[in-house]
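Report on the structure
This is what each chain is made of:
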Amino acid sequence: WNLLVKRFPALSLNSRELTIIMAFMLVACFPPNAGLFRHFQRQLTLPWYYLAAGGQSEWEKFHILEYIPSFLFPTPAPYVATNGIVHLDDTVYRGIFQGLARGAGGISVSAVPWSAWVGPMLYWGPVIVLMSIAVIALSFLVHRQWAVHEQISYPLAQVLSTLVARKEGTGMPDLFRNRLFWWGFLPVFCLYMLDYLNQWFPMSVPGLKTLLPNLRSWNVPLQQYFPLLTKSDGFWYLCSQTLMFSVVGAAYFVASEIGLTMGLSQLLVVLFAAWFYTVTGSQLSSRNDIGLMRGGAYLAYALMLIYTGRTYYFSVFRNLFRRRPDPESHLPVLAARTLLLATLGFIGMMALMGLDWFIAVLFALLLLLLFLVFTRIICETGVPFMQAHWWPAPLLTSILGPGALGPGPLVLIGFFGTILAQDPRECLMPYVATGVKMADDAKIKLTKLFGVLTAAVVLALALGFVSVTWTQYSYGGLNDQAYAAKMVPTDTFNKAAKLISEMSDTGILEQSQALHGLGKLKMAGPDPGELGLLAAGAVGVVVFFMLRFRFSRFPLHPVLFLVWGVYAASKIWFSFLVGWAAKSLVVRFGGGRVYHQLRPFFIGLIAGELA
């Protein structure tokens, strides 16, 4: 655009305007995929597909789907007749199972049964919007503490700010005038271009795997030399890796102890699992056991974040109910008030949708805690792809026990959790936090940005819902591999059915079902083994925090317990290790001046891989 209008400087976009555009673009990445709508429509329809297909005897025995109010499903809502047959509308439900399109093209927008979604969206719409507003407000609330008081690095914001920085009225980013940027960009871009051309001309152009087979990928059969390590189900990620240049570039911008910790995370979790097997004779499961440890680590990390910023948060709380807060506290107080009101509205909507108010409060707090700590991971590590791999519903069940929750809340919080936080690889809060940091560095008024970002998210939610719903009715909701189309719609109900079955066998099902509110605490009965795993993760975080406070050169960071065993971390540990080694060598032999001079080179690595 700037190149087109270079003769009309008033029409060109400056760095501040491009920063706002970038912030809009970031938050618009949240709705369409795993952050929300990859699972939303499927979760409201596909469970009925698997119930109708048979093989879900536990669901049928305990009427699992009947714990979810029928008004939360598209109309006409499915039902199970007395003869056990599941009745489904052909267009609304079977249409989304297989798709309504015939041939290569999709259906027209008017062919989507929009009227069937009006009823449930009167409930789901406010829930999603209120949670989004709460998350945006939380991002603005913690920004000053993280960016100013703690001065964490925000690596992704650093890279993006450099990409949009340019002199007034010029079309080319300042970065493009730096030769080091092109030294990083061109080799990576050309390497990938070989693979790209190989797709078009496989007989004429060799791909990277043929030309340079060991450049980006390697495999070492470590199991032949260290068979004990195979007792960890994450062992295989130590044997093979793929070099990701964007992760190497991002690692250059993070603190050295964080880069080293991310680089060693997979090795340390494998060694820990091997040690655990040696001591106990039992194997740790990355998804369940290590996941519970991560849940405990998130809880402890959130408490440490609050403790570290206690002075700042107390000042915000002190002004929370004042008619005229201190001018310096205006934005944090506005964010805190918005967070409080949106969270209360979110809890109220969940109660209106059938969830017990006490469980709704706990679920909402755990959901916000997950997003808060997850965002802190992104803002400290700069990792472009991460997952949490623990969920509020199972964690709440581990803390209170299934008897304290009751069958209805067990099903509902699992149902809500799969929609709102199943796989936050596209999570709203890190996008907002990155955009806010960029805007703050560009001297943009954050109070105004708060309002326009909220409007942008609401618009993105509306467009995302329309586009994804049309896509699934055109091509089918089952067309998304085994994970989103099979595991997610069934796993949460399978777990709930198992727990309800256990309550039925022990004779506490009816008693549990009759309790409400705080009365549910009478039947609190957590599993000691699961509590032990939660405590282990929490203790690890606290111990590492204490070691870092006591010893300034302690080489590892508590983020270890937040990411180890996660699929995303297991795929990028080697790239982080390469980036950490490169940064360490530069700082050791070149000092701070050379470190800053080489920043464009590593941004070039990132841009080359993206391009």
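Before going into details, it helps to say that this report is about the structure given with it. This is a predicted model, so every value here is computed, not measured.

Quick notes on the side chain of His39
- Summarising the element assignment, His39 is placed in the loop between helix 1 (15-28) and helix 2 (40-53).
- Beyond its immediate sequence surroundings of up to four residues, His39 is in contact with Ala34, Thr418, Gln422, Asp423, Tyr483, Ala484 and Val488.

Comments concerning the pattern of salt bridges
- Across all of its chains, the model carries 10 salt bridges by this definition.
- Residue Arg177 pairs with Asp174 through a salt bridge whose shortest N-O separation is 3.4 Å.

Points about the environment of Asn198
- Summarising the element assignment, Asn198 is placed in helix 7 (residues 179-200).
- Separated by 10 residues in the primary sequence, Asn198 and Leu208 have C-alpha atoms spaced 8.7 Å apart.
- Apart from the residues within four sequence positions on either side, Asn198 is in contact with Val205, Pro206 and Gly207.

With respect to the nonpolar core
- Phe40, Trp124, Phe140 and Met386 are the most contacted members of the largest nonpolar core, which totals 176 residues.
- Those residues in contact with Phe140, other than ones at most four positions away along the chain, are Leu331, Ala335, Val432, Val436, Leu446, Leu449, Phe450 and Leu453.
- In terms of nonpolar packing, the next biggest core, distinct from the first, is built from 19 residues, Leu191, Phe245, Val586 and Phe602 among them.

Details of the packing of helix 5 (residues 115-149) against helix 15 (residues 357-381)
- Across the interface, helix 5 lies against helix 15 with an axial gap of 11 Å and an inter-helix angle of 45°. On the basis of the axis angle, helix 5 is oblique to helix 15. Regarding helix 5 and helix 15, the two cross each other, and that crossing is right-handed. Here Met131, Ala134, Val135, Leu138, Val142 and Trp146 of helix 5 lie close against helix 15, whose contacting residues are Leu367, Leu368, Phe371, Leu372, Thr375, Arg376 and Cys379.
- Of the residues assigned to the contact of helix 5 with helix 15, the class counts are 11 nonpolar, 1 polar and 1 charged.

Definitions and limits used
- Residues numbered from 1 in each chain as written.
- Predicted model: local features only at pLDDT ≥ 70, side-chain atom pairs only at ≥ 80, totals over all residues.
- Heavy atoms only, no water.
- Helix = DSSP H or I, 4+ residues; strand = E, 2+ residues; numbered from the N terminus.
- Contact = heavy atoms within 4.5 Å.
- Salt bridge = Lys/Arg side-chain N within 4 Å of Asp/Glu carboxyl O.
- Core = buried A, V, L, I, M, F, W, Y, C linked by side-chain atoms within 4.5 Å.
- Buried < 20%, exposed > 50% of the residue type's maximum accessible area, 1.4 Å probe, protein only.
- Axes fitted to C-alpha atoms, helices over the stretch in contact; angles between N-to-C directions.
- Parallel < 35°, antiparallel > 145°, perpendicular 65-115°, else oblique.
- Left-handed = near helix turned anticlockwise from the far one by under 90°.
- Nonpolar A, V, L, I, M, F, W, Y, C, P; charged D, E, K, R; others polar.

These results come straight from atomic positions and should not be treated as a statement about function.
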